[in-house]
Amino acid sequence: MLRFLLRRIVGGAVILLIISVLVFVLFYAAPRDPARLACGKVCSPETLDLVRHNLGIADSLPVQYWHWFQGLFVGRDYASFGNCPAPCLGYSFRNREPVLGTILDRFPTTVSLSLGASAVFVVFGVGTGMLAAAKQGKVIDKIASSASLIASSLQIYVVGVFAVYLFVYQLQWMDRPQYTPITESPGEWFSGLLIPWLVLSLIFTANYTRMTRSQMVETLSEDYVRTARAKGLSARSVFFRFAWRGAMGPIVTIFGLDLGVLLGGAIITEKTFALHGIGDLSVRAVYTSDLPMLLGVVLVAATAIVVFNIIVDAVYALIDPRVRLA
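Residues numbered from 1 in each chain as written. Predicted model: local features only at pLDDT ≥ 70, side-chain atom pairs only at ≥ 80, totals over all residues. Heavy atoms only, no water.

Caption draft 1: Expanded view of unusual backbone geometry. Note that the residue after A86, namely P87, is joined by a cis bond; omega there is -5 degrees. Mapped onto the secondary structure, P87 falls in the loop between β2 (82–84) and α5 (99–134). Here the phi dihedral of R96 falls at roughly 60 degrees; this positive angle occurs in a residue that is not glycine. With respect to the helices and strands, the residue R96 is situated in the loop between β2 and α5. With phi around 55 degrees, A274 is a residue other than glycine that occupies positive phi space. Judged by relative accessible area, A274 falls into the exposed class, the value being 53%. (Helix = DSSP H or I, 4+ residues; strand = E, 2+ residues; numbered from the N terminus. Buried < 20%, exposed > 50% of the residue type's maximum accessible area, 1.4 Å probe, protein only.)

Caption draft 2: Inspection of the state of the cysteines at higher detail. Applying the stated criterion across every chain yields a total of one disulfide. Here C84 connects covalently by a disulfide to C88, the sulfurs 2.2 Å from one another. As the torsion about the S-S bond is roughly 110 degrees, the C84-C88 disulfide counts as right-handed. (Disulfide = S-S within 2.5 Å.)

Caption draft 3: Spatial organisation of the side chain of D141. Locating D141 in the fold gives a position in helix α6 (residues 139–152). With relative accessibility at 4%, the residue D141 sits in the buried group. Excluding its chain neighbours within four sequence positions, the residues that come into contact with D141 are A132, K135, Q136 and R213. (Contact = heavy atoms within 4.5 Å.)

Caption draft 4: Quick look at helix α10 (residues 235–263). Taken as a whole, α10 carries its principal kink of about 40 degrees at W244. Where α10 terminates, the next one or two residues include G265, which has phi positive at roughly 130 degrees. (Bend = angle between axes of the 7 residues up to and from the residue.)

Caption draft 5: Molecular detail of the packing of aromatic side chains. A full pass over the atoms with the stated rule returns 11 aromatic pairs. Plain terms: the ring middles of Y65 and F69 are 6.1 Å apart, the flat faces sit at 20 degrees to each other, and that makes the pair stacked. You can see Y65 and its partner F69 sitting in helix α4 (residues 61–74), four residues apart, about one turn around the helix. Members of the aromatic cluster, joined through ring pairs, are F24, Y65, W66, W68, F69 and F73. (Phe/Tyr/Trp six-rings, centres within 6.5 Å; stacked < 30°, edge-to-face > 60°.)

Caption draft 6: Just the nonpolar core, in detail. By size, the foremost hydrophobic cluster in this structure holds 34 residues, and its most contacted members are I195, V199 and L200. Of all the secondary-structure elements, those providing two or more residues to this core are α5, α7 (156–170), α8 (186–220), α9 (223–230) and α10. Judged by nonpolar contacts, the second largest core, of 26 residues, contains L61, L281, M293 and L294. (Core = buried A, V, L, I, M, F, W, Y, C linked by side-chain atoms within 4.5 Å.)

Caption draft 7: View of α4. Between its first and last C-alpha atoms α4 spans 20 Å; for 14 residues at 1.5 Å apiece the expected length is 20 Å, and the two agree. Those residues of α4 that fall on the buried side of the exposure criterion are L61, Q64, Y65, W68 and G71. Viewed end-on, α4 has its buried residues packed into an arc of 120 degrees, placing them on one side of the element. Along α4, the residues that are exposed and aim more than 90 degrees away from the buried face are P62, F73 and V74. Once α4 finishes, G75 follows within two positions and takes phi at roughly 85 degrees, a positive value. (Expected span 1.5 Å × (residues − 1). Arc of directions from axis to C-beta.)

Everything listed is a geometric property; what it means functionally is a separate question.
Okay, here's the thing in structure tokens:
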């Protein structure tokens, strides 16, 4: 098991390295010059060269990337910013602030949004899917399947605007979506993120309902489940001890991927509700050609996905004994 995890960690590090190189090259191929953006409208050639030198983009592309990569481990010295301690992701081209510090300031918003929404869609999605599988072919199953199909067709930017208009401005049942640190006011933190949680979890709940139902129905028809029934085990014991456990493998896989993506930035949700998290930061970095910020956000998102993939592989052995035998 340890050797397997070590291989997965090394493979994840290689993937992150490849992603950083690709993003760096793609940005370099963009038609906009970040030095000219930072210099302003009136900028002489001498000033433009000085800005490139201060930003660390006067060298060739391989040299620029090597300096950036080296700064992750040993730090980096900038002509206009001074020393940037490791892990150094550079300084933003636009606001001249450390990239790592900006990401860490935005990260609590994204974490709160992601964890809250994931708790909602896992509980309701998996629970509804299990209920539909237990009542296969009955009215509850048909209602759950139809509702999940409709919900999966909805879009966050449509449902989000409608939910804010109805529940905040018309009915005045909920507070306007905003992020308040949980350390300042747990009540305002909860009320400010309630609508984004529900809207973000709506589509995910529909997907998890359909997935859980299909996996449970398929598992209930397996030979080992029929054998358990033939031995005289109760329907409840067969359902939870064998069928549920055997169906959780694919669901855990998808949940790990979804949570990693959300932690990397729920872009549409954050833009819809004006939440200043990682997703909003990534959009701004693309619009302004802010290479250090863009690289930092991409690495955070990719790291979250890779880490949760490794965690899912480790959790597999606890859920399904067949994985341990393999």
